[in-house]
Amino acid sequence: MHTLAKKIMREDQFPMVFCPGCGDGTITHLVGIAIDELGIIDDVCTVGGVGCSGWLASIFNVDFFKAIHGRTLPVAIALKLTRPSRKVLVFTGDGDCAAIGGNHFLHACHKNIDLTVVMINNQIYGMTGGQVAPTTPLGSTTPTSPYGKIEPALDLCKVAEAAGASFVSRWTTAHPKQLLRTLKKAIMHPGLAYVEVITQCPVQSGRYVHGSGDPVHLLKWIRENSLTKTQMEKLSPEERAGKMLIGDFLEEIRPEFTAKTYQFMAEVQASKKASVDLGR
Amino acid sequence: MALKTVTAINIYSDICKGCGICVDACKFGVFEMSTERGKQGYLLPKVVRLENCTKCELCELSCPDIAIEVIGG
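Attention here is on the structure that accompanies the text. (Residues numbered from 1 in each chain as written. Chains lettered and ligands numbered in written order. Predicted model: local features only at pLDDT ≥ 70, side-chain atom pairs only at ≥ 80, totals over all residues.)

1. Structural notes on the overall build of chain A
What chain A contains, in helices and strands, is 12 helices and 9 strands. Against the compact-globule benchmark of 19 Å for 280 residues, chain A has a radius of gyration of 20 Å, which places it among compact chains. Once the C-alpha set of chain A is aligned to its principal axes, its extents read approximately 75 × 45 × 35 Å. Looking at chain A as a whole, 46% of its 280 residues are labelled buried. Across chain A, the fraction of contacts at a sequence separation of at least 24, relative to all contacts at a separation of at least 6, is 67%. (Helix = DSSP H or I, 4+ residues; strand = E, 2+ residues; numbered from the N terminus. Rg over C-alpha atoms; globule rule 2.2 N^0.38 Å. Buried ≥ 20, exposed ≤ 12 C-beta atoms within 10 Å, placed from the backbone. Contact = placed C-beta atoms within 7 Å.)

2. What to know about the nonpolar core
If you look at the biggest cluster of nonpolar residues, it comprises 90 residues, and the most contacted ones within it are V90(A), V118(A), L192(A) and Y194(A). With sequence-adjacent residues up to four places away left out, V90(A) is seen in contact with V47(A), T72(A), L73(A), A76(A), L115(A), T116(A), V117(A) and V118(A). (Core = buried A, V, L, I, M, F, W, Y, C linked by C-beta atoms within 7 Å.)

3. Here's the deal with the interface of chain A and chain B
Interface size is commonly expressed as the accessible surface area that is lost when the partners come together. Residue-level contacts link 21 residues of chain A with 17 residues of chain B. Of all elements in the fold, only helix 1 (3-8), helix 2 (24-38), helix 8 (176-188) and helix 10 (215-225) of chain A reach the threshold of two or more residues within the side of chain A that touches chain B. Considering every element that reaches the side of chain A that touches chain B, the biggest residue donor is helix 2 of chain A, with 4 residues. Classifying every residue of the side of chain A that touches chain B gives 13 nonpolar, 7 polar and 1 charged. (Nonpolar A, V, L, I, M, F, W, Y, C, P; charged D, E, K, R; others polar.)

4. Let's talk about the packing of helix 2 of chain A against helix 8 of chain A
How two helices sit against one another is set out by the angle between their axes and by the gap between those axes. Residues and elements named next belong to chain A. At a minimum axis distance of 9 Å, the contact between helix 2 and helix 8 shows a crossing angle of 50°. Between helix 2 and helix 8, the angle falls in the class oblique. Viewed along their axes, helix 2 and helix 8 form a crossing whose handedness is right-handed. Residue-level inspection shows T26, L30, V31, I33, A34, E37 and L38 of helix 2 in contact with helix 8, the latter providing P176, L179, L180, L183, K184, I187 and M188. Residues belonging to the contact of helix 2 with helix 8 are distributed by class as follows: 11 nonpolar, 1 polar and 2 charged. (Axes fitted to C-alpha atoms, helices over the stretch in contact; angles between N-to-C directions. Parallel < 35°, antiparallel > 145°, perpendicular 65-115°, else oblique. Left-handed = near helix turned anticlockwise from the far one by under 90°.)

5. Digging into the packing of helix 4 (residues 72-82) of chain A against helix 6 (residues 102-111) of chain A
Residues and elements named next belong to chain A. Viewed as axis vectors pointing N to C, helix 4 and helix 6 meet at an angle of 35°, and their least axial separation amounts to 8 Å. Side by side, helix 4 and helix 6 meet where L73, P74 and I77 of the first sit next to H104, F105 and A108 of the second. In terms of residue class, the contact of helix 4 with helix 6 is made up of 5 nonpolar, 1 polar and no charged.

6. Thoughts on helix 4 of chain A
All names here are of chain A. Where helix 4 is concerned, the buried positions are T72, L73, A76, I77 and K80. All buried residues of helix 4 fall inside an arc of 130° around its axis, so they share one side. What points out from helix 4, more than 90 degrees from its buried face, is the exposed set A78 and T82. (Arc of directions from axis to C-beta.)

Have a look at this one:
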């Protein structure tokens, strides 16, 4: 077994539960390296939702919470507020975060609470059998959209930015080094850090959306269709259709919810105490 | 000529699922698919040109099963 895996992961989770060639394993490894290099293993706790992405939370040898479908963020907010020194990592999928937990996602971003949300976007509901997700590309045929998807894919990075997240970034499993650098920054960022990772799902989105179950072919497709801002600006609006913008979009320091809550609590307690003293 | 001296590339045959991503990720042709099967029953990759390795670690980082480890360098 890998030295890093022996150090910070549960040995009984190996071999991993993911299908051959699934990008979730790559993300597990990169998050593992980030945790190890930052030296925060004792402070980390993970929250996983329902879906293949929820497995990531249980692989690390830390405290973890398996929430019901779409409700990863309310649980994570509670874990953060009860002990602010915790580094809470949330692993959520595109069906979990964009569709079923969409409302929670908006409000967690709006609060700008110190969480790291790793959204694993495989462009389909992978675990439940390949149903259409909000992030599925336009025109894809899936078991629940047999004549092609009508609406375009939802850009959750723009949603996060508009809702008030203070760190927004999107990378893919075909860019492991850039993703590792961003994950390290995101974990240490004070505020809601949203990192979207576009990944290959050879079994469901490979079969239905891209027409190939070969992980190497899918990674090639991701590499060719994910462009940085400079590359994207060179293209005409027609050519941009179907391409995915990658990069670090936003990083700024804004007032954070946990710190504000504790400050507010201290102020209220002090004013109460003062009023009681005056009453005497 | 390799810039760094990598002493070994371990492929853990008990957890490898033979997806072939390492063969594609390496730009120097260090890996090739073999005809040997691991404990999981998948075809394993093998290290054929270790002297070409530059320790970019793309194989290790891209591996979806944490089954590759680059030693030394």
